[in-house]
Amino acid sequence: MSNSITVLGSWAIEDFGETSSFLVRAPGSSFLLDAGPGVTRQMHQISCSFTTVDFVFLTHVHADHLLGIPYLVFKRSVQQRQTAVPVNRLHVVGNVATIDAAKTLLQACYPDRSFDIEWRVVDEGDEITMNDWNVTAFNADHTVPVTGYRFEHKDASLAYLPDTCPIKTVLPFISGVSLLLIEAFGTSADFTELARNQKHLLAKDAAQIAQEAQPQKVLLYHMHLPYRDERKQEQLIEEFCQNCSLVPIVAADLLEIGF
Ligand SMILES: [Zn+2]
Ligand SMILES: [Zn+2]
């Protein structure tokens, strides 16, 4: 098991911890899944150089997933100038709305600078080759256009299912992976109305999807604030386990998982 993922941000709301960002480190490749506001701070925490990341995969235009982009790009460019070794071009991948927003955000924050970035717009079924990895984009269903990703390597696979309502069409893209990242916003008792209105997955929804997808490991993230409480988090896990035979890993900021 030579690949690892570090949870840079695990929460749906920033008050308590950091929001969605994950760093994947594999032989010859490092890449980010989403860029929440704390992404650069968290990378500092684990002493990860920004220039080691060549790809950022963005899911959608909500601040908890996107707001870290300008500073990440800026700090990477500063590090790039300071290092003697050649640094690869940065690729930022996302659906058309997300790439537009990321470009606008970067331009608004740094109108006086230009950055060497390969912007990659993807739609459902599009594939990207990234070093030894094959990446497939797929659509989920949230209040704004949202893109998930499946990553395949010769001996490992990973699926990132972002904010979404329960949806069956994602199953072919997330089935049988080594590790599935899936949101579990809250329990049915606490958040049914909010999850349905704002198109999120409850713990039981995540469980039903994971039960059909049958990953080797499943990581729950994007929890709402009440689940910082240990007792409430146990309720979340209990609802998941009532609907799925897999024992989930619950994300925590800076947790590292092999896959
Ligand atoms: Zn979110
Ligand atoms: Zn969202």
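Our subject in this report is the structure included herewith. (Residues numbered from 1 in each chain as written. Chains lettered and ligands numbered in written order. Predicted model: local features only at pLDDT ≥ 70, side-chain atom pairs only at ≥ 80, totals over all residues.)

### A word on the overall build of the protein chain
If you tally the helices and strands in the protein chain, you get eight helices and 14 strands. Relative to its length of 259 residues, the protein chain is compact, with a C-alpha radius of gyration of 17 Å against a globular reference of 18 Å. Referenced to the eigenvectors of the C-alpha coordinate spread, the extents of the protein chain come out at roughly 55 × 40 × 30 Å. In the protein chain, which comprises 259 residues, the share counted as buried stands at 46%. A separation of at least 24 residues holds for 62% of the contacts in the protein chain among residues at least 6 apart in sequence. (Helix = DSSP H or I, 4+ residues; strand = E, 2+ residues; numbered from the N terminus. Rg over C-alpha atoms; globule rule 2.2 N^0.38 Å. Buried ≥ 20, exposed ≤ 12 C-beta atoms within 10 Å, placed from the backbone. Contact = placed C-beta atoms within 7 Å.)

### Some thoughts on the sheet that holds strand S9 (residues 147-153)
Taken in spatial order, the seven strands make up an open sheet running S7-S8-S9-S10-S11-S12-S13, and their pairing is mixed. Two strands in the sheet have a free side with no partner beyond their single neighbour: strand S7 (127-130) and strand S13 (249-250). Here S7 pairs with strand S8 (residues 133-139) via four bridges, running antiparallel. Bridge assignment links Glu 127 to a residue of S8, and that residue is Thr 136. Packing of helix H7 (residues 203-213) onto the sheet brings it into contact with strand S11 (179-183) and strand S12 (217-221), and relative to S11 it is tilted by some 160°. (Pairing = 2+ DSSP bridges. Axes fitted to C-alpha atoms, helices over the stretch in contact; angles between N-to-C directions.)

### Quick word on unusual backbone geometry
Positive phi is not limited to glycine here, since Ser 47 has a value of about 55°. Summarising the element assignment, Ser 47 is placed in the loop between helix H1 (39-45) and strand S4 (55-57).

### Details of helix H4 (residues 96-109)
Given a rise of 1.5 Å per residue, 14 residues ought to cover 20 Å, and the 20 Å separating the end C-alpha atoms of H4 matches this to within 8%. Three or more residues of H4 are buried, namely Thr 98, Ala 102 and Leu 106. Here the buried residues of H4 occupy an arc of 70° about the axis, which is enough to place them on one side. Exposed side chains of H4 directed beyond 90 degrees from the buried face belong to Val 96, Thr 104 and Ala 108. On its buried face, H4 sits against helix H2 (63-66), helix H3 (69-82) and strand S5 (90-94). (Expected span 1.5 Å × (residues − 1). Arc of directions from axis to C-beta.)

### A closer look at the packing of H7 against helix H8 (residues 230-241)
Running from N to C, H7 and H8 point in directions that differ by 40°, and their axes come no closer than 7 Å. In terms of orientation, H7 lies oblique with respect to H8. With respect to the hand of their crossing, H7 and H8 are arranged in right-handed fashion. Packed against H7, whose contacting residues are Ala 203, Lys 204, Ala 206 and Ala 207, the element H8 presents Leu 236, Glu 239 and Phe 240 at the interface. (Parallel < 35°, antiparallel > 145°, perpendicular 65-115°, else oblique. Left-handed = near helix turned anticlockwise from the far one by under 90°.)

### Quick word on the sheet that holds S4
If you trace the seven strands from one edge of the open sheet to the other, you get S6-S5-S4-S3-S2-S1-S14, paired in mixed fashion. Only two strands of the sheet have a single neighbouring strand rather than two, namely strand S6 (117-121) and strand S14 (256-258). For this sheet, the mean inter-axis angle between neighbouring strands, taken without regard to orientation, is 20°. Pairing between S5 and S6: five bridges, direction parallel. Within S6, the position partnered with Val 92 by the bridge is Trp 119.

### Some thoughts on the environment of Arg 41
Note on placement: Arg 41 falls in helix H1. For the pair formed by Arg 41 and Leu 72, sequence separation is 31 residues and the distance between their alpha carbons is 9.5 Å.

### Concerning the nonpolar core
One finds Leu 32, Val 56, Leu 180, Leu 181, Ile 182, Ala 184 and Ala 206 to be the most contacted residues of the largest nonpolar core, which totals 75 residues. In terms of residue count, the dominant contributor to this core is H7 (six residues). With near-sequence residues (within four places) excluded, Ile 182 lies in contact with Leu 161, Leu 201, Ala 206, Ile 209, Ala 210, Val 218 and Leu 220. (Core = buried A, V, L, I, M, F, W, Y, C linked by C-beta atoms within 7 Å.)

### Some points on the packing of H3 against H4
Close contact between H3 and H4 brings their axes to 9 Å; oriented N to C, the two are set at 65°. H4 is crossed by H3, and the crossing has right-handed handedness. Between H3 and H4, the residues in contact are Ile 69, Pro 70 and Val 73 and Ala 102, Leu 105, Leu 106 and Cys 109, respectively.

### Re the pairing of strand S10 (residues 156-161)
Burial runs high along S10: five of the six residues are buried. Pairing of S9 with S10, which is carried by five bridges, proceeds in the antiparallel orientation. Residue pairing for S10: Arg 150 is matched across the bridge by Ala 159. The loop that links S9 with its antiparallel partner S10 comprises two residues. Across four bridges, S10 lies against S11 in parallel orientation. Counterpart to Leu 161 in the pairing with S11 is Ile 182.

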